[in-house]
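Residue-level structural notes
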Amino acid sequence: MLKCTVNGKEIEVAEGTMVIEAFKQAGEDIAHYCWHPGLSVAGVCRLCMIEVEGAPRLMIACNTQVTEGMVVSNNSAKVQEAVKWGLDFHLINHPLDCPICDQAGECGLQDQYMKFGQYDPEMAERKVKKRKVVDLGRKIVLDTERCILCSRCVRFTDEVTKTSELGIFNRGDRSEIGTHEDKPLDNDYAVNVVDICPVGALTSKDFRFKQRVWYLDNDSTVCNGCSTGCNVNVYYNEKGYFRVKPEHNKDINDYWMCDKGRNIFKHVNKENRLLKAIKKTEAGTQMMAPGAAAKDVASLIKNYSSDQVAVVFTGQYTNEEYEDAMMYIDKLGTKKVYHWVNNSESFDDFDGILLRGDKNPNTAGLIKALEAKSLNSTWEQLEAELNSGAIKLVILAGPELQEYFPDIQEKIQLFSKAENLVVLSSNPNPAYRDVDYLIPMKTFVEKKGSFTNFAGTVQKIQKMRLVVSQALSLGEAMQLMAGDELQIGASL
Amino acid sequence: MFQLANERVEKIKSEMQRYETKQSAIIPALYQVQEQYGWVSKEALDFLADLMEIPVAEIREVFTFYTMFNQKPTGKFHLQVCTNISCSMAGGRELTDYICKKLNVKPGDTTADGKFSVSKVECLGSCDTAPVMQNNFEYHENLNEAKIDQIIESLQKLN
Ligand code: SF4
Ligand code: SF4
Ligand code: FES
Ligand code: FES
């Protein structure tokens, strides 16, 4: 450990710590654009200026290592003056089109300008105009004149994805970020460059112009897109859910997430949801409140013996829901509980970065819950008993992210061999058209609980804004179907 | 399909062995293309990327950084006027305007008869004799309008 003094605060840092990290550790503000903790050091923005006691001139904090007894500061007039001019240089050719820029509100230039702005710029030359609205494929739009050439995005494609699509072309004040011949930037992690771009040069096509960021709240949770369980922040307001960004977790996803995970909020929004329970009747269909439908199922179940009832789970629910569900399965008395493993061929795939072939956030949790009750029926048994007619009623805890279950239609056909099929699902699906009961479920942002990732790490998810307030959790649905009343306020 | 003469391909391969990193061979490789074609096309960049197993963006970074690589075909005489600091202070930019007006072209363009291209370039390493211009590989130093008139006149005569 090394002792050092940062803006008068004495702290201890690990050997090899850069001064900029020491500032962060000490909780002292330090302006910076090019430095990013997940990337190599570039030292090009010249904003992280510091004064080191005993050194004749200012230095950059991102490329200076802490030494024993070092005394550094960035609160002197000298440093402030240097940062002010550094910032003014960044703004020389910047278009300042904040009113039409998606980054406004979370822009590094805006943030630093509030502190270090000249307010009365002294630049008399005309701005160099560069290309705007450059289409970089289906995910990203580039505005080259907003770019401050920090090179974060270039380092990301060089170091993290190792795809090296991006480069800085031309030189001097005509330097421009881009891909060769505007080729699409569409690797599986491309949208991370939008997050790390400190300005509005790289924006997400999906999110562009949907919302001003200051109208959004956010909460942290865990991505339910695969068994990696990246830590993410989900952004929403009263109009719905709008975007997902990664949140740092050094043991799981570092600073990144995959682009597929960026879509996990879409099914949550009202226009895509199942709002009411649907019961199939002689006359057609009947809309019901979700709770009432589950109670209806409870009376239906009474017509059968316990071994005529089967329950099928997908790995898309929380540990707590499985635990509750198992309790009520005990009550129902059936041992016929099955695990629907989606895309089993690619189940063990891993792309070497984050993405896993197991497209379920909680396969491990489900397996554990089944094992705890010694429930080990095989899929072959389910098929055989459906074919023989031994199973009369199937309850399916359907997938929340249906796109990862390409065999949905096929499986529903199989389950439909039973006299009655009850499907629990947050979203409708054409395959569910003929099921006997379709009951709306909560999505992963509408309930508390935890997921266990591929490595056995248990991570909490958070309840954010309810979209379908009547929707049930898996535990609640099983409770009602087992004939119990819900306790008021017990809802997850 | 872009093609490069065999001996040039071989030359590039040997340049790649010469340095600690193969990135160092990007400039010599670009020269090989430019010597054969007079300029470097985007297909050529893709070709080099495949040949050298270097991401094409990296090659393009080098290619567009240096003004000595031509991004489009040039005229017979490529007048490259230095507009870096020393030359600018000695009137290099005004001289460029003068040449362009005289030949009726814009910087970066070629005259209609295909004879002259004019471009602004970075420091030619001859600041002591600023302003400086390069016609193809030939240097013209301590320039002024009268000298430009002379040079262009003599080039007009060459056919
Ligand atoms: S596009 Fe953004 S991240 Fe990339 S160099 Fe420019 S400012 Fe930095
Ligand atoms: S790698 Fe998996 S957990 Fe991480 S963001 Fe992508 S889908 Fe979500
Ligand atoms: S953050 Fe240190 S130079 Fe950019
Ligand atoms: S600035 Fe023109 S030769 Fe150096």
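Scoring rules and cut-offs
- Residues numbered from 1 in each chain as written.
- Chains lettered and ligands numbered in written order.
- Predicted model: local features only at pLDDT ≥ 70, side-chain atom pairs only at ≥ 80, totals over all residues.
- Heavy atoms only, no water.
- Helix = DSSP H or I, 4+ residues; strand = E, 2+ residues; numbered from the N terminus.
- Buried < 20%, exposed > 50% of the residue type's maximum accessible area, 1.4 Å probe, protein only.
- Contact = heavy atoms within 4.5 Å.
- Core = buried A, V, L, I, M, F, W, Y, C linked by side-chain atoms within 4.5 Å.
- Domains from an automatic or database assignment.
- Near = heavy atom within 4 Å.
- Nonpolar A, V, L, I, M, F, W, Y, C, P; charged D, E, K, R; others polar.
- Buried area = accessible area lost by both parts, 1.4 Å probe.
- Salt bridge = Lys/Arg side-chain N within 4 Å of Asp/Glu carboxyl O.
- Polar contact = N/O pair within 3.5 Å; in protein donor to acceptor, adjacent residues only side chain to side chain.
- Pairing = 2+ DSSP bridges.
- Axes fitted to C-alpha atoms, helices over the stretch in contact; angles between N-to-C directions.
- 1 Å grid on protein atoms, 1.4 Å probe; cavity = no way out; pocket = protein on both sides within 12 Å on 5 of 7 lines; lining within 4 Å.
- Points joined across faces, edges and corners; volume = space filled by probe spheres on them.
- Phe/Tyr/Trp six-rings, centres within 6.5 Å; stacked < 30°, edge-to-face > 60°.
- Lys NZ or Arg CZ within 6 Å of the ring centre and 35° of its normal.
- Arc of directions from axis to C-beta.

1. A word on the environment of Gly449(A)
All names here are of chain A. By the element assignment, Gly 449 lies in strand 21 (residues 449-452). Among the residues examined, Gly 449 registers a relative accessible area of 11% and is labelled buried. Separated by 13 residues in sequence, Gly 449 and Gln 462 have C-alpha atoms that sit 6.9 Å apart. Residue contacts for Gly 449: discarding those within four places in its chain leaves Thr 318, Glu 320, Gln 459, Lys 460 and Ile 461.

2. Focus on the nonpolar core
Residue and element names in this part refer to chain A. In terms of nonpolar packing, the biggest core is built from 111 residues, with Leu 202, Tyr 241, Val 312, Leu 382, Val 394, Ile 412 and Phe 415 touching the most fellow members. Per-element tally for this core: the top contributor is helix 1 (residues 19-26), with five residues. Split by domain, this core shows at least three residues from each of two domains, domain 1 (2-90) and domain 2 (270-491). In contact with Ile 412, not counting residues within four places along its chain, are Leu 396, Leu 421, Val 423, Ala 431, Tyr 432 and Val 435. Listed in part, the 38 residues of the second largest apolar core include Met 288, Ala 293, Leu 393 and Ala 477.

3. Comments concerning the domain arrangement of chain B
When the domains of chain B are assigned, the result is domain 1 (6-65) and domain 2 (77-156). Measuring from the centre of the C-alpha atoms in domain 1 of chain B to the corresponding centre in domain 2 of chain B gives 28 Å.

4. Quick word on the site of ligand 1
Neighbouring ligand 1 are 13 residues; Cys147(A), Cys150(A), Ser151(A), Cys153(A) and Cys197(A) lie closest to it. Counted by class, the shell around ligand 1 contains 11 nonpolar, one polar and one charged residues.

5. Looking at the site of ligand 2
In the region of ligand 2, the neighbouring residues are Cys223(A), Gly225(A), Cys226(A), Thr228(A), Gly229(A), Cys230(A), Met257(A), Cys258(A), Gly261(A), Leu354(A) and Leu355(A). Here the residues of the shell around ligand 2 are counted per class, giving seven nonpolar, four polar and no charged.

6. Things to note about the interface of chain B and chain A
In this assembly, 14 residues from chain B lie in contact with 13 residues from chain A. Contact between chain B and chain A buries roughly 1,200 Å² in total, counting both sides, with carbon and sulfur atoms accounting for 50%. A salt bridge links Lys183(A) to Asp46(B); the shortest N-O distance between them is 3.8 Å. Applying the counting criterion to the chain B and chain A interface returns seven residue pairs in polar contact (both at pLDDT 80 or more). Of all the secondary structure elements, the ones that give two or more residues to the side of chain B that touches chain A are helix 3 (42-52) and helix 4 (56-65) of chain B.

7. Notes on the sheet that holds strand 2 (residues 9-13) of chain A
Residue and element names in this part refer to chain A. The strand order across the open sheet built from five strands is 2-1-5-3-4, with neighbouring strands paired in mixed fashion. A strand with exactly one partner marks an edge of an open sheet, and here the two such strands are strand 2 and strand 4 (59-60). Here three bridges tie strand 1 (residues 2-6) to strand 5 (residues 70-73), and the two strands are oriented parallel to one another. Bridging across to strand 5, Cys 4 finds its partner in Met 70. Across the sheet, helix 1 lies against strand 1, strand 2, strand 3 (49-52) and strand 5, angled at about 115 degrees from strand 2, the strand it touches most.

8. What to know about the pairing of strand 2 of chain A
Residue and element names in this part refer to chain A. With five bridges joining them, strand 1 and strand 2 adopt antiparallel strand pairing. Of the residues in strand 2, the one forming a bridge with Val 6 is Lys 9. What sits between the antiparallel neighbours strand 1 and strand 2 is a turn of two residues, in which Asn 7 has the positive phi angle 45 degrees.

9. Some words on the layout of surface pockets
Estimated volume of the largest pocket: approximately 1,600 Å³. Taken together, 46 residues line the largest pocket, and the ones lying closest to its centre are Arg171(A), Gly172(A), Asp173(A), Arg174(A) and Glu122(B). Tallied by class, residues from the lining of the largest pocket come to 14 nonpolar, 18 polar and 14 charged. Along the wall of the second largest pocket there are 45 residues; nearest its centre are Val194(A), Asp195(A), Ile196(A), Lys245(A) and Pro246(A). For the lining of the second largest pocket, the elements supplying multiple residues, two or more each, are helix 3 (108-116), helix 5 (192-196), strand 10 (202-204), strand 12 (231-237) and strand 13 (240-246) of chain A.

10. Observations concerning unusual backbone geometry
Cis peptide bonds are those with omega within 30 degrees of zero, and the linkage from Ala130(B) to Pro131(B) qualifies with -10 degrees. Here Pro131(B) is to be found in the loop between strand 2 (116-121) and strand 3 (133-135). Of note, Leu149(A) is a non-glycine position whose phi angle comes to about 60 degrees, a positive value. Position of Leu149(A) relative to the elements: it lies in the loop between strand 7 (140-142) and helix 4 (152-159). Of note, the phi angle at Asp254(A) is positive, near 55 degrees, even though the residue is not glycine. With respect to the helices and strands, the residue Asp254(A) is situated in the loop between strand 13 and strand 14 (277-281). Given a relative accessible area of 27%, Asp254(A) falls into the partly exposed group.

11. What about the domain arrangement of chain A?
One frequently used descriptor of interface size is the decrease in accessible area upon assembly of the parts. Here the domain parsing of chain A yields domain 1 (2-90) and domain 2 (270-491). Relative placement of domain 1 of chain A and domain 2 of chain A: their C-alpha centres are 53 Å apart.

12. Digging into the packing of aromatic side chains
Residues and elements named next belong to chain A. As enumerated under the stated definition, the model contains 16 aromatic pairs over all chains in all. Judged by centre distance (4.8 Å) and plane angle (65 degrees), the ring pair of Phe 156 and Trp 256 falls under edge-to-face. You can see Phe 156 sitting in helix 4 and its partner Trp 256 sitting in the loop between strand 13 and strand 14, a full 100 residues away along the chain. The class of Phe 156 is buried, set by a relative accessible area of 0%. A relative accessible area of 5% places Trp 256 in the buried class. Centre to centre, the rings of Phe 313 and Tyr 322 are 5.7 Å apart; their planes meet at 80 degrees, and the pair counts as edge-to-face. In this structure Phe 313 comes out as buried when scored by relative accessible area, which is 0%. Ring-pair connections join several aromatic residues into one group, and the members of that group are Trp 340, Trp 379, Phe 405 and Phe 415. In this arrangement the basic side chain of Arg 243 is found over the ring face of Tyr 235, its NZ or CZ atom lying 4.2 Å from the centre. Over the ring of Phe 454 we find Arg 356; its NZ or CZ atom is 3.4 Å from the centre of that ring.

13. Observations regarding helix 3 of chain A
All names here are of chain A. Restricting attention to buried positions, one finds in helix 3 the residues Gly 108, Leu 109, Gln 112 and Phe 116. Down the axis of helix 3, the smallest arc covering the buried residues is 90 degrees, so these residues share one side. Contacts from the buried residues of helix 3 go to helix 2 (77-91).

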